[in-house]
Amino acid sequence: MVGRAIEAMSGIERASAEIGEIISVIDGIAFQTNLLALNAGVEAARAGEAGKGFAVVASEVRALALRTAEAAKDVKNKINASGQQVESGVRLVSETGEALERILARVAEVSSRVATIAASAKQQAVGLEQVNTAVSEMDSVTQRNAAMVEQATAAARDLAGEASHLAAHVSRFQLSGQAGRVRGTGQACAA
């Protein structure tokens, strides 16, 4: 869009220059017409009474040539002012284009950084997923360990009960020296 605006401004500038050339031609025609009117006035004055009508026409033509020259001068001044405005506009549009290019470069830089951040975030997400998997595995191991502790506790209770039961059975034996006898059975037992 900025390029098209610059092209349009350049087109206006060229058209202004062409109009300026046309105005210069009109100004030249007005000058020549003024000279012709002056010459016609001189000739009318030489003709005397017979040239009075021609002198009036020559005077009107001269006035018309002067008004045309003044109008051409005004148009030329306005074209020159417009040309300066167009030149200023072209410069401003060009500066705007340069600013937009800088903005686009910054946007590209920010986009690149956002892509880098996104890639890092993706890597972190993968890392967090791995950590989550490890924590889940640890939780599973912890639960298995807890189950094994419960089983070991139950086994220890059972063992304690069996030990107590065994102690009760062993307490029925009398131990003396190397050999002992079971009460009431008469059988020898090694200590």
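Structural data are supplied above this passage.
How each quantity is defined
- Within each chain, residues carry numbers counting from 1 in the order of the written sequence.
- Thresholds applied to this predicted model are a pLDDT of at least 70 for local features of residues and 80 or more for the giving and counting of side-chain atom pairs; totals over whole chains, interfaces and linings are not thresholded and use all residues.
- Neither water nor hydrogens contribute to the side-chain values; these are computed over all heavy atoms in the structure.
- Strands here are runs of E lasting at least two residues and helices are runs of H or I lasting at least four, both read from the DSSP assignment and numbered beginning at the N terminus.
- Expected helix span is given by 1.5 Å per residue-to-residue step, counting one fewer step than there are residues.
- Each residue gets one of three labels from its accessible area relative to the maximum for its type: buried under 20%, exposed over 50%, partly exposed in between, using a 1.4 Å probe on protein chains only.
- Residue contacts are counted whenever heavy atoms from the two residues lie within 4.5 Å of one another.
- Axes, fitted as lines to C-alpha atoms, cover a helix only where it is in contact. Angles between the N-to-C directions of the axes lie from 0 to 180 degrees.
- For classification, angles of less than 35 degrees are called roughly parallel, those exceeding 145 degrees roughly antiparallel, those between 65 and 115 degrees roughly perpendicular, and all remaining angles oblique.
- Working rule for handedness: look at the near helix, and if it is turned counterclockwise from the far one by less than a right angle, call the crossing left-handed; if clockwise, right-handed.
- For this classification, the nonpolar set comprises Ala, Val, Leu, Ile, Met, Phe, Trp, Tyr, Cys and Pro, the charged set comprises Asp, Glu, Lys and Arg, and every other residue, Gly included, is treated as polar.
- When a carboxyl oxygen of Asp or Glu is within 4 Å of a side-chain nitrogen of Lys or Arg, the pair counts as a salt bridge.
- Only residues above 30% relative accessible area that lack a salt bridge enter a patch, with like-charged residues linked at up to 9 Å and the nonpolar side chains Val, Leu, Ile, Met, Phe, Trp and Tyr linked at up to 5 Å.
- Using a 1.4 Å probe, the Shrake-Rupley method yields the accessible areas, and only the shown protein chains count as cover for residues.

## Section: helix α2 (residues 52–170)
Thought 1: For α2, which comprises 119 residues, the first-to-last C-alpha distance of 169 Å matches the rise-based estimate of 177 Å (1.5 Å per residue) to within 8%.
Thought 2: Of the residues making up α2, those classed as buried are Ala-58, Ala-65, Ala-72, Ile-79, Gly-83, Val-86, Gly-89, Val-90, Val-93 and Gly-97.
Thought 3: Its buried side turned inward, α2 meets α1 (2–47).

## Some remarks on the packing of α1 against α2
A pair of packed helices can be characterised by two numbers: the angle between their axes and the separation between those axes.
Thought 1: At a minimum axis distance of 7 Å, the contact between α1 and α2 shows a crossing angle of 165°. Relative to α2, the element α1 is oriented roughly antiparallel. The element α1 and its partner α2 pack so that their crossing is left-handed.
Thought 2: Among the residues making up the contact of α1 with α2, the classes are represented as 27 nonpolar, 11 polar and five charged.

## A closer look at the pattern of salt bridges
Thought 1: In the structure shown here, the tally under the stated rule is three salt bridges.
Thought 2: A salt bridge links Glu-49 to Lys-52; the nearest nitrogen and oxygen atoms lie 3.1 Å apart.
Thought 3: When its relative accessible area of 60% is taken as the criterion, Glu-49 is described as exposed.
Thought 4: Under the relative-accessibility criterion, Lys-52 is labelled partly exposed at 48%.
Thought 5: The salt bridge involving Arg-113 is made with Glu-109; its shortest N-O contact spans 3.0 Å. With Arg-113 and Glu-109 both in helix α2, this residue pair falls four residues apart, about one helical turn.

## Describing the environment of Leu-166
Thought 1: Mapped onto the elements, Leu-166 comes out in helix α2.
Thought 2: Sequence separation between Leu-166 and Glu-137 is 29 residues, and the spatial gap between their C-alpha atoms is 41 Å.

## Examining a nonpolar patch on the surface
Thought 1: Taken together, the side chains of Phe-31, Leu-35 and Leu-38 present a nonpolar region at the surface, about 260 Å² in accessible area.
Thought 2: Position of Phe-31 among the secondary structure elements: in helix α1.
Thought 3: What makes Phe-31 partly exposed here is its relative accessible area of 49%.

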